[in-house]
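Take a look at the letters that make up each chain.
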Protein chains: 2
Amino acid sequence: MLKVGYIGLGIMGKPIARNILNAGYTLVVHNRSRGVVDELATEGAIPAFSPAEVASKVDIVFSNLPDSPDVEKVALGEKGIISGAHAGLIYVDNSTIKPATARKVAEELGKLDVFCLDAPVSGGDVGARKGELAIMVGGPSEALEKVRPILEVIGKSITHVGGNGAGQIAKAANQIMVAAQMVAMGELLILAQKSGADPEKIIQAIRKGAAQCWTLDNKPQRLFRGNRQPGFKAFMQAKDLNIILDTAREYGIPLPSTAVNAQLFNAMLQSGMANLDNSAVIGIIENLAGERLQTHD
Amino acid sequence: MLKVGYIGLGIMGKPIARNILNAGYTLVVHNRSRGVVDELATEGAIPAFSPAEVASKVDIVFSNLPDSPDVEKVALGEKGIISGAHAGLIYVDNSTIKPATARKVAEELGKLDVFCLDAPVSGGDVGARKGELAIMVGGPSEALEKVRPILEVIGKSITHVGGNGAGQIAKAANQIMVAAQMVAMGELLILAQKSGADPEKIIQAIRKGAAQCWTLDNKPQRLFRGNRQPGFKAFMQAKDLNIILDTAREYGIPLPSTAVNAQLFNAMLQSGMANLDNSAVIGIIENLAGERLQTHD
């Protein structure tokens with residue numbers, strides 16, 4: 001059976017790694033802080049002390065890290081995957097990072113006959129725990145086919161969108177739409193309330209028509225109960241939007257609406273809302289409008 | 001049986017009026033240009049020569065007009081509904097206009113014991129023909145209950161959202177979300193293509209997750225086939241967004257993202273795209289990016 005490694009055992013990485021372990025794979029794990037490594041070791045995982053060590057011991061190495069520089073360091077830095085790489089190793093990155101970084105890593109590791117897949121996920125920590133993530137994959141088909149049985153353990157939909165970097169582009173596209181819906185929801189709720197309508201009835205009136213979306217299906221009831229806890233944290237949404245704007249600038253594409261939405265999420269970081277849910281961007285609209293959404297139990 | 005009037009027989013008003021007629025109601029019709037009046041007369045409708053004449057002959061009078069000033073004129077102007085009004089008349093406006101105008105009309109006609117409902121619709125000309133509109137109603141419950149059997153002929157969902165003007169606020173909320181989704185779709189498709197991914201695969205990867213929406217379910221395949229015909233015309237979307245911004249200014253609510261989206265739809269009017277579908281706002285992103293979405297049959 002394939003030996004698997006997992007580097008980066010945070011809010012997403014830990015439940016994903018656990019699902020791989022519980023599916024019966026030999027799993028080598030590494031994380032900067034050691035507590036979670038010890039925890040998974042008691043469940044049967046093999047601890048390692050560097051990305052290089054993980055890479056040297058496995059057939060397929062995953063990572064799940066906060067941002068592009070972290071991935072570059074873990075993949076290509078000192079004691080990185082590159083130092084433990086062997087021909088035929090497959091590297092699957094579940095992080096959400098810049099497409100350009102995904103391509104650079106694939107190019108560098110490709111020189112050592114390591115195959116790379118960028119495989120960012122959507123579905124949050126709940127989806128990670130349940131093994132029900134949506135996985136967007138960029139990279140060579142042959143590598144994807146070898147990894148697919150493991151991806152099927154951690155996700156419910158696996159879409160191969162193109163070559164290296166394409167998975168990250170899909171994730172960027174996803175976040176453009178999610179951010180737009182979150183901001184629109186905030187704007188429409190505050191407009192409705194301040195202009196004298198009942199926001200709950202407004203949502204009821206519009207959610208089955210052309211405005212229908214996952215956001216309106218899932219988020220308003222939480223907001224009406226005063227629940228702005230994540231879910232998906234605002235600072236991660238802000239990070240993703242900044243990746244998108246960096247990528248858009250690189251390719252010379254103006255994104256007027258996404259640029260504004262990015263500013264609103266960046267404003268959350270300056271307003272003590274960084275660790276709230278992405279739907280809590282309504283808080284910025286509230287601050288702008290001087291009107292707070294009414295809540296009830 | 002109730003006698004019904006319908007004023008404004010355009011792309012939406014004509015099929016709605018026809019459904020009321022076909023349901024067996026006596027229907028008095030008026031329109032500025034007479035061709036469509038003659039057409040409905042051959043089907044059994046009774047022609048009238050002014051809004052006042054319609055109002056004087058019916059129990060319930062509907063209107064469906066382009067914008068707020070048109071409604072104000074038809075309701076309160078010379079030979080308007082106000083001149084033919086009688087106590088107990090119910091006036092139902094299916095137009096999408098400013099909430100403030102809906103309230104003003106209700107207040108003025110209320111002085112003559114006319115009951116008003118603002119009842120804007122969502123679902124386009126297809127929904128109008130099929131009698132499957134979503135109808136958002138503001139105004140007194142008693143009037144709504146009298147009108148409900150007729151609304152059930154023209155729509156599949158009727159939501160009472162509050163007092164006069166609340167129906168228009170619901171429609172505004174709907175259009176905030178719809179515009180956000182249309183612009184986000186345009187931005188993500190052009191970003192995906194120009195950064196080297198296949199836009200169709202990107203849509204496939206994201207449309208079942210947190211980005212899911214009516215827009216992604218219905219519009220991308222039309223765009224990929226090069227079809228930008230309405231549907232819902234861009235200039236109507238622009239008009240609705242400008243109503244929203246006027247209303248937001250009136251209540252002192254900044255709407256940063258909707259304001260940008262309104263500018264992009266306004267740009268369509270200056271770029272020969274006024275009569276295209278609202279999804280054709282991607283054309284403005286194409287112009288900004290110098291990249292045209294690839295199409296196939």
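Nothing here was measured: the structure is a model prediction, and the numbers come from that model. (Residues numbered from 1 in each chain as written. Chains lettered and ligands numbered in written order. Predicted model: local features only at pLDDT ≥ 70, side-chain atom pairs only at ≥ 80, totals over all residues. Heavy atoms only, no water.)

Participant: Hey, could you run me through the packing of helix α9 (residues 166–194) of chain A against helix α10 (residues 199–206) of chain A in this one?
Facilitator: Each pair of packed helices gets described by two things: the angle between the helix axes and the distance between those axes. Residue and element names in this part refer to chain A. Running from N to C, α9 and α10 cross one another at 125 degrees; their axes reach a closest spacing of 9 Å. Our classification of the angle between α9 and α10 gives oblique. Of the two elements, α9 crosses α10, and the hand of that crossing is right-handed. For the pair formed by α9 and α10, the contact residues are Leu188, Leu189, Ala192 and Gln193 on the first element and Pro199, Ile202, Ile203 and Ile206 on the second. Residue composition of the contact of α9 with α10, grouped by class: seven nonpolar, one polar and no charged. (Axes fitted to C-alpha atoms, helices over the stretch in contact; angles between N-to-C directions. Helix = DSSP H or I, 4+ residues; strand = E, 2+ residues; numbered from the N terminus. Parallel < 35°, antiparallel > 145°, perpendicular 65-115°, else oblique. Left-handed = near helix turned anticlockwise from the far one by under 90°. Contact = heavy atoms within 4.5 Å. Nonpolar A, V, L, I, M, F, W, Y, C, P; charged D, E, K, R; others polar.)

Participant: Is there a simple way to think about the relation of the copies chain A and chain B in this case?
Facilitator: The pair of chain copies shares a relation made of a rotation about an axis and a shift along it. For the match of chain A to chain B, the screw axis carries a shift of 0.0 Å, the RMSD comes to 0.0 Å, and the turn is 180 degrees. The transformation just described matches what one would write down for a two-fold rotation axis. For chain A, the minimum C-alpha distance to the rotation axis belongs to Cys213 of chain A and amounts to 1.9 Å. A shared binding surface is used by both copies, with 98% of the interface residues of chain A retained as interface residues in chain B. (Least-squares fit on C-alpha atoms with pLDDT ≥ 70 in both.)

Participant: Help me understand the domain arrangement of chain A, please; the structure alone is not making it clear to me.
Facilitator: As a measure of interface size, the accessible area lost when the parts come together is often cited. Residues and elements named next belong to chain A. By the assigned domains, chain A splits into domain 1 (3–163) and domain 2 (169–289). Across the boundary between the two partners, domain 1 contributes 15 residues, which contact 12 residues of domain 2. A per-residue breakdown of the area domain 1 buries against domain 2 is headed by Thr96, Lys98 and Pro99, which together make up 37% of the total. Our enumeration of links across domain 1 and domain 2 arrives at one salt bridge. In this structure, Asp246 engages Lys98 in a salt bridge whose closest nitrogen and oxygen atoms are separated by 3.7 Å. The interface formed by domain 1 and domain 2 contains five residue pairs in polar contact (both at pLDDT 80 or more). Elements represented by at least two residues in the side of domain 1 that touches domain 2 include exactly α6 (99–110) and β7 (121–122). With three residues, the top contributor of residues to the side of domain 1 that touches domain 2 is α6. In terms of residue class, the side of domain 1 that touches domain 2 is made up of eight nonpolar, three polar and four charged. (Domains from an automatic or database assignment. Buried area = accessible area lost by both parts, 1.4 Å probe. Salt bridge = Lys/Arg side-chain N within 4 Å of Asp/Glu carboxyl O. Polar contact = N/O pair within 3.5 Å; in protein donor to acceptor, adjacent residues only side chain to side chain.)

Participant: Sorry, what's going on with the packing of helix α9 (residues 166–194) of chain B against helix α15 (residues 282–289) of chain B here?
Facilitator: Residue and element names in this part refer to chain B. Axis separation between α9 and α15 bottoms out at 8 Å; the angle between their running directions is 40 degrees. It follows that α9 is oblique to α15 by the angle criterion. The handedness of the crossing between α9 and α15 comes out as right-handed. Taken together, the residues of α15 that come into contact with α9 (itself represented by Gly186, Glu187, Leu189, Ile190 and Lys194) are Ile282, Ile285, Glu286 and Ala289.

Participant: Just to check I follow, could you spell out the nonpolar core for this structure?
Facilitator: Leu189 and Phe265 of chain A together with Leu188, Leu189, Ile202 and Phe265 of chain B are the most contacted members of the largest nonpolar core, which has 106 residues in total. When residues no more than four places from it in sequence are discounted, the contact partners of Ile202 of chain B are Val161, Ala166, Ile169, Ala170 and Ala173 of chain A together with Leu188, Ala192 and Ala197 of chain B. (Core = buried A, V, L, I, M, F, W, Y, C linked by side-chain atoms within 4.5 Å. Buried < 20%, exposed > 50% of the residue type's maximum accessible area, 1.4 Å probe, protein only.)

Participant: Got a minute to help me understand the pattern of salt bridges in this structure?
Facilitator: A side chain with one charge can pair with a side chain of the opposite charge if their charged atoms come near. Residue and element names in this part refer to chain A. Scanning the model with the defined rule gives 32 salt bridges over all chains in all. Close ionic contact of Asp217 with Arg207 constitutes a salt bridge, the shortest N to O distance being 3.1 Å. Remark: Arg207 occurs in the loop between α10 and α11 (214–218) and Asp217 occurs in helix α11; sequence separation between them is 10 residues. Classification of Asp217 by relative accessible area gives partly exposed; the value is 35%.

Participant: So what exactly am I meant to see when it comes to the environment of Lys171 of chain B here?
Facilitator: All names here are of chain B. As for its placement among the helices and strands, Lys171 is situated in helix α9. When its relative accessible area of 6% is taken as the criterion, Lys171 is described as buried. Along the primary structure Lys171 and Ser95 are separated by 76 residues, whereas in three dimensions their C-alpha atoms are 10.0 Å apart. Those residues within four positions of Lys171 in sequence are excluded, and the remaining contacts are Thr96, Pro120, Val121, Met136 and Asp240.

Participant: Sorry, what's going on with the pairing of strand β4 (residues 60–63) of chain A here?
Facilitator: Put simply, side chains in a regular strand alternate between the two faces of the sheet. All names here are of chain A. Here β4 shows a buried face lined by Ile60 and Phe62 and a second buried face lined by Val61 and Ser63. Pairing of strand β1 (residues 3–7) with β4 involves four bridges; the strand directions are parallel. By the bridge assignment, Gly5 is partnered in β4 with Val61. The sheet contact formed by β4 and strand β5 (residues 90–93) spans four bridges and is parallel. (Pairing = 2+ DSSP bridges.)

Participant: Would you explain the interface of chain A and chain B in this entry?
Facilitator: Listed by partner, the interface residues are 60 residues for chain A and 59 residues for chain B. For the pair chain A and chain B, the two sides together bury roughly 4,800 Å², of which 72% comes from carbon and sulfur. Counting the contacts that link chain A with chain B gives 15 residue pairs in polar contact (both at pLDDT 80 or more). Counting only elements with at least two residues in the side of chain A that touches chain B, the list comes to β9 (155–162), α9, α10, α11, α13 (234–250), α14 (256–270) and α15 (282–289) of chain A. The element contributing the most residues to the side of chain A that touches chain B is α9 of chain A, with 20 residues.

Participant: What exactly am I supposed to notice about the side chain of Arg228 of chain A here?
Facilitator: Residues and elements named next belong to chain A. With respect to the helices and strands, the residue Arg228 is situated in the loop between α12 (220–224) and α13. Judged by relative accessible area, Arg228 falls into the buried class, the value being 10%. Polar side-chain contacts of Arg228 include one of 2.8 Å to the side chain of Glu286.

Participant: Just checking my understanding: could you explain unusual backbone geometry for this structure?
Facilitator: Outside of glycine, negative phi angles account for most residues, and trans bonds account for most peptide bonds. Residues and elements named next belong to chain A. Residue Gly231 is bonded to the preceding Pro230 through a cis peptide linkage, with omega at 0 degrees. Residue placement: Gly231 occurs in the loop between α12 and α13. Of note, the phi angle at Lys79 is positive, near 55 degrees, even though the residue is not glycine. Relative to the elements of secondary structure, Lys79 occurs in the loop between α4 (68–76) and α5 (81–84). Judged by its relative accessible area of 54%, Lys79 is exposed.

Participant: What is the right way to look at the packing of aromatic side chains in this model?
Facilitator: Describing an aromatic ring pair means giving the distance of the ring centres and the angle of the ring planes. Residues and elements named next belong to chain A. Using the criterion set out here, one finds two aromatic pairs over all chains in the structure. Seen in terms of ring centroids, Tyr6 and Phe62 are 5.5 Å apart; in terms of plane orientation they differ by 10 degrees. Their pairing is stacked. Placement of Tyr6 in strand β1 and of Phe62 in strand β4 is noted, with a sequence separation of 56 residues between them. For Phe62, a relative accessible area of 0% translates into the label buried. (Phe/Tyr/Trp six-rings, centres within 6.5 Å; stacked < 30°, edge-to-face > 60°.)

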